[in-house]
Amino acid sequence: MTAAMRDPMLPRPFRIEKVRRELSDTFTMELVPAEGGGFAFAAGQFNMLYVFGIGEVPISISGDPGDGGKLIHTTRAVGAVTRAMDSMRAGDVVGVRGPFGTPWPVEEAFGHDLVFVAGGVGLAPLRPAIYQAMANRQRFGKVVVLYGARTPDDILFRRELERWRGRFDMEVHVTVDRGNPKWSGNVGVVPNLIAHAGFDPLSTTAFVCGPEVMMRYTALALEKNGVGREGIFLSMERNMKCGCGLCGHCQWGPHFVCKDGPVYRYDRIADLLAIREL
Amino acid sequence: MPGVDDPKTVTAALDMAGLDALIAALAERGYRVIGPMVADDAVVYDEIASSADLPAGVGDEQDGGRYRLRARGDGALFGYTVAPQGWKRLLHPPRQKMFAARRQDGGFAILPPEPAAAPMAFLGVRACELAAIGIQSRVFGDEAAGDPGYRGRLARSFVVAVECAEAGGTCFCASMGTGPQVEAGFDIRLVELAGHDRHVFLADAGSAKGAEMLSGLNAPPAPEADRAEARRRVSAAAGAMGRTMPAATARRLGEHAEHRRWADIGKRCLSCGNCTMVCPTCFCTTVEDVTDLKGEHAERWRTWDSCFSIDFSYIHGGAIRNEVRSRYRQWITHKLSAWHEQFGTSGCVGCGRCITWCPVGIDITEEVQAIHADGKGR
């Protein structure tokens, strides 16, 4: 069956190849299509993941868009479906619909310094763009990753962050809201890291993902440090049932976040971000 | 569904036997004929067998939060204005199975879809309702990601429209530019002339399918005097509507997101969702996933949902729109303003149902008027 023929409302079975525990409530699944073939997507897109008989949730893709063979999702268990997913093991099958949504415009940032700002599990939807950037490393000026977690125990992809930090062509800063006796790194909110990162604001593209309030303050801090609104991109989150603009749940002003987003250029949504309960 | 061809047919005059012949001919061609009838003290659109099922001599009184049937004192079959529920529940069903699946080899397999139900013929579609069908087919009609169900059902349907010879109590279609004249999107268009001495339905075709059907009825042409009388009545109905929508302000409601009127409406609105259930263009849905007791068979059902429920905007941690004013603002701003950006038209057709069926009589035209009056001179 070709992609064009496939009904976008029908889940496709994918077999879980590997499950990796990331944090106490967060896990990563590697999926392969049960019917064979690969899965093509762009960094920043998401899928609707279905647990048989339980339900479906929108989850962003956290794997490498350059690796078409495997589909990787990192999920936090917070509701009925994601908790059911948390109890699944290698060999089990989940349903996949997608990919949906707009991507991080990585190629449009060629020639710029690239700044990734992530909060909490918001690092997961950014990771595909980081992989894509590092696969095209010579196309960018500086590559900076700024990451904030609640506590040292909540740092997602910790070993990967440490590995990136060890590279000479990447700058990584991590902060936590609350430290612990073993933590001697930064304490504070992630927008505080922006002033310390050495990037050229006049030719910088920033990709931001995290809780909405964190993205709002991050965008303000980036602006304050000289980055233009058209160089800032955010990934929005709303309730989604269909993924293709039919169920109405993800509406935000005139946008259907599932298909007009989730990735938006900041200047196009700054007004909406300021309105409470929109 | 009506085609784009322009059949040059003359207006025919159907008497009661002619109308019954039309219903019989539709049934004979395999259509499930759906028309108005009285049930539970309201007009409902349901399966009919003949003109005897239609609501003879029934009119309706509609006002903010009020709906009553009344005896008209004549035998008019289409003397009511709009039923509480429009044709949405037939083309975009309140509950619809998306798929069934069964456990298999440690995974699951999607079962083949059930065969499509019989095509439907809709008898008595008003101009505002036809406009609403057009709007919903745009919502569901994107070829790449559209809903095959809606377009499929509409394409197989036969539409008999009826022009309104009287305005209802909460109607404002004239100000939305959707009626009461029926202009396009029909197979056959009727105007009813019910008097003491005679009872005729002037009929003309809007598609090849309609022309072919109409010519098979062998009805005599309508005299010019009747056609003039029909035009006079329909245009009188257009002038008899007590409400208007301030179009420019309605379209720019998105710019008034922080208006103090929202807090005022929030105090009156019960967030019951009635307006969204009766609105002929509201399309939002949710899904329910169910299994049998053994967990071997699973189904997904799509059901109507309402932006007035607190769960509608829920993401982990809580709802986006906690306050009632935010939910009302979302509904009306989407309907009147954002809809233009999304689908190129207003999402309101002026049928007045949301006014009639609001338990506290909140009037969409009055609320926009209040914001409009406030913004004057800015």
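Residue numbers here run from 1 along each chain, matching the order of that chain's written sequence. Both sets of labels track the order of writing: A upward for chains, 1 upward for ligands. Local features in a predicted model are, by the rule used here, given only for residues with pLDDT of at least 70; side-chain atom pairs are given and counted only at 80 or more, and totals for whole chains, interfaces and linings are based on all residues. Excluded from the side-chain calculations are hydrogens and water; all other atoms, namely the structure's heavy atoms, are used.

1. Some points on the sheet that holds strand 6 (residues 93-100) of chain A
Residue and element names in this part refer to chain A.
Reasoning step 1: If you trace the six strands from one edge of the open sheet to the other, you get 4-3-6-1-2-5, paired in antiparallel fashion. What marks the edges here is a single partner per strand, and that holds for strand 4 (55-60) and strand 5 (71-76). On average, each strand axis in the sheet is tilted by 40 degrees relative to the strand beside it, whichever way the strands run.
Reasoning step 2: When strand 1 (residues 12-23) meets strand 6, the two strands line up antiparallel, connected through four bridges. Residue Arg12 lies in a different strand from strand 6, and its bridge partner there is Val96. In this description, strands pair whenever DSSP reports at least two bridges between them. Numbering goes from the N terminus for both helices and strands, where a helix is a DSSP run of H or I of at least four residues and a strand is a run of E of at least two. In this analysis, axes come from line fits to C-alpha atoms, helices being fitted only over the stretch in contact, and the angle between any two N-to-C directions falls in the range 0 to 180 degrees.

2. What to know about the domain arrangement of chain B
Residue and element names in this part refer to chain B.
Reasoning step 1: Domain borders in the structure are assigned automatically or taken from a domain database. Segmentation of chain B into domains returns domain 1 (12-239) and domain 2 (247-375).
Reasoning step 2: Summarising the inter-unit geometry, the C-alpha centres of domain 1 and domain 2 are found 25 Å apart.
Reasoning step 3: Contacts were defined at the residue level, with two residues in contact if any of their heavy atoms lie within 4.5 Å. Opposite the 43 residues of domain 1 that make contact, domain 2 presents 38 residues.
Reasoning step 4: On the domain 1 side of the contact with domain 2, Lys88, Arg95 and Phe172 bury the most area, a combined 17% of that side's loss.
Reasoning step 5: By convention in these notes, a salt bridge is any Lys or Arg side-chain nitrogen within 4 Å of a carboxyl oxygen on Asp or Glu. Applying the counting criterion to the domain 1 and domain 2 interface returns three salt bridges.
Reasoning step 6: The closest approach of N and O atoms between Glu129 and Arg353, which form a salt bridge, is 2.5 Å.
Reasoning step 7: Nitrogen and oxygen atoms within 3.5 Å of one another constitute a polar contact, given that in protein one can donate a hydrogen and the other can accept it, and given that sequence-neighbouring residues count only through two side-chain atoms. One can count 28 residue pairs in polar contact (both at pLDDT 80 or more) joining domain 1 with domain 2.
Reasoning step 8: For the side of domain 1 that touches domain 2, the secondary structure elements donating two or more residues are strand 4 (58-63), strand 5 (66-71), helix 2 (88-91), strand 6 (95-104), helix 3 (127-139) and helix 5 (173-176). The term buried area means the drop in 1.4 Å probe accessible area that two parts suffer when joined, counted for both and summed.

3. A look at the environment of Gly245(A)
All names here are of chain A.
Reasoning step 1: Within the fold, Gly245 resides in the loop between strand 12 (232-235) and strand 13 (251-252).
Reasoning step 2: Only protein chains enter the accessibility calculation, which uses a 1.4 Å probe; a residue is then buried when its area is under 20% of its type maximum, exposed when over 50%, and partly exposed in between. Residue Gly245 is classed as buried on the basis of its relative accessible area, which comes to 3%.
Reasoning step 3: Residues Gly245 and His255, 10 residues apart in the sequence, show an inter-C-alpha distance of 9.2 Å.
Reasoning step 4: Sequence-distant contacts of Gly245, that is, excluding residues within four places in its chain, are made with Phe256, Cys258 and Lys259.

4. Quick look at the domain arrangement of chain A
Residues and elements named next belong to chain A.
Reasoning step 1: Domain boundaries assigned for chain A yield domain 1 (12-100) and domain 2 (107-273).
Reasoning step 2: Just the C-alpha atoms count here: the centres of domain 1 and domain 2 sit 22 Å apart.
Reasoning step 3: At the interface, 22 residues of domain 1 touch 22 residues of domain 2.
Reasoning step 4: Interface area, domain 1 with domain 2, both sides summed: about 1,600 Å², of which 63% is carbon and sulfur.
Reasoning step 5: Our enumeration of links across domain 1 and domain 2 arrives at zero salt bridges.
Reasoning step 6: Our enumeration of links across domain 1 and domain 2 arrives at three residue pairs in polar contact (both at pLDDT 80 or more).

5. What to know about empty space enclosed by the protein
Reasoning step 1: Both site types are read off a 1 Å grid over the protein atoms alone. A 1.4 Å probe that fits but cannot get out defines a cavity, while an open set with protein on both sides within 12 Å along at least five of seven lines defines a pocket; lining residues have an atom within 4 Å of a point. Grid points are joined across faces, edges and corners, and a volume is the space filled by probe spheres set on the points. A complete count under the given rule lists seven cavities of 30 Å³ or more for this structure.
Reasoning step 2: Its boundaries defined by the atoms lining it, the largest cavity holds a volume of some 130 Å³.
Reasoning step 3: Across the lining of the largest cavity, the residue classes break down as 13 nonpolar, three polar and one charged. Lys, Arg, Asp and Glu make up the charged group, whereas Ala, Val, Leu, Ile, Met, Phe, Trp, Tyr, Cys and Pro make up the nonpolar group; the residues left over, Gly among them, are polar.

6. Side note on the pairing of strand 9 (residues 171-176) of chain A
Residue and element names in this part refer to chain A.
Reasoning step 1: With six bridges connecting them, strand 8 (residues 143-149) and strand 9 associate as parallel partners. Bridge pairing in strand 9 places Ala149 opposite Val176.
Reasoning step 2: Handedness of a crossover: with both strands directed away from the viewer, a clockwise path from the first strand across the helix to the second marks it as right-handed. You can see the chain leave strand 8, run along helix 3 (residues 158-165) and come back into strand 9, and the turn it takes is right-handed.
Reasoning step 3: Bridging between strand 9 and strand 10 (residues 186-187) involves two bridges; their strand directions are parallel.

7. Some thoughts on the interface of chain A and chain B
Reasoning step 1: Contact with chain A, which involves 36 residues of that partner, is made by 51 residues of chain B.
Reasoning step 2: With both chains or domains summed, chain A and chain B bury close to 3,500 Å², and 56% of this area falls on carbon and sulfur atoms.
Reasoning step 3: Sorting the residues of chain A by area buried against chain B places Phe52(A), Leu246(A) and Glu277(A) first, and these three jointly supply 23% of that buried surface.
Reasoning step 4: Taken together, the links from chain A to chain B amount to two salt bridges.
Reasoning step 5: Between Glu323(B) and Arg276(A) there is a salt bridge, with its nearest N and O atoms 3.1 Å apart.
Reasoning step 6: The tally of links between chain A and chain B comes to 18 residue pairs in polar contact (both at pLDDT 80 or more).
Reasoning step 7: Going through the elements one at a time, strand 1, strand 4, strand 6 and strand 14 (255-256) of chain A are the ones with two or more residues in the side of chain A that touches chain B.
Reasoning step 8: Ranked by residue count, the leading element in the side of chain A that touches chain B is strand 6 of chain A, at four residues.
Reasoning step 9: Its residues placed into classes, the side of chain A that touches chain B shows 18 nonpolar, nine polar and nine charged.

8. Observations concerning the side chain of Asp113(A)
Residues and elements named next belong to chain A.
Reasoning step 1: Along the chain, Asp113 falls in strand 7 (residues 113-119).
Reasoning step 2: Positive charges come from Lys and Arg alone, negative charges from Asp and Glu alone, with His and the N- and C-terminal ends not counted. The side chain of Asp113 sits in the buried core without any salt bridge; Lys142 is the nearest counter-charge, 6.1 Å away.
Reasoning step 3: Polar contacts involving the side chain of Asp113 include one to the main-chain amide nitrogen of Asp200, which spans 2.8 Å.
Reasoning step 4: Not counting the four nearest positions on each side in its chain, Asp113 is found in contact with Gly141, Lys142, Phe199, Asp200, Ser203, Thr204 and Thr205.

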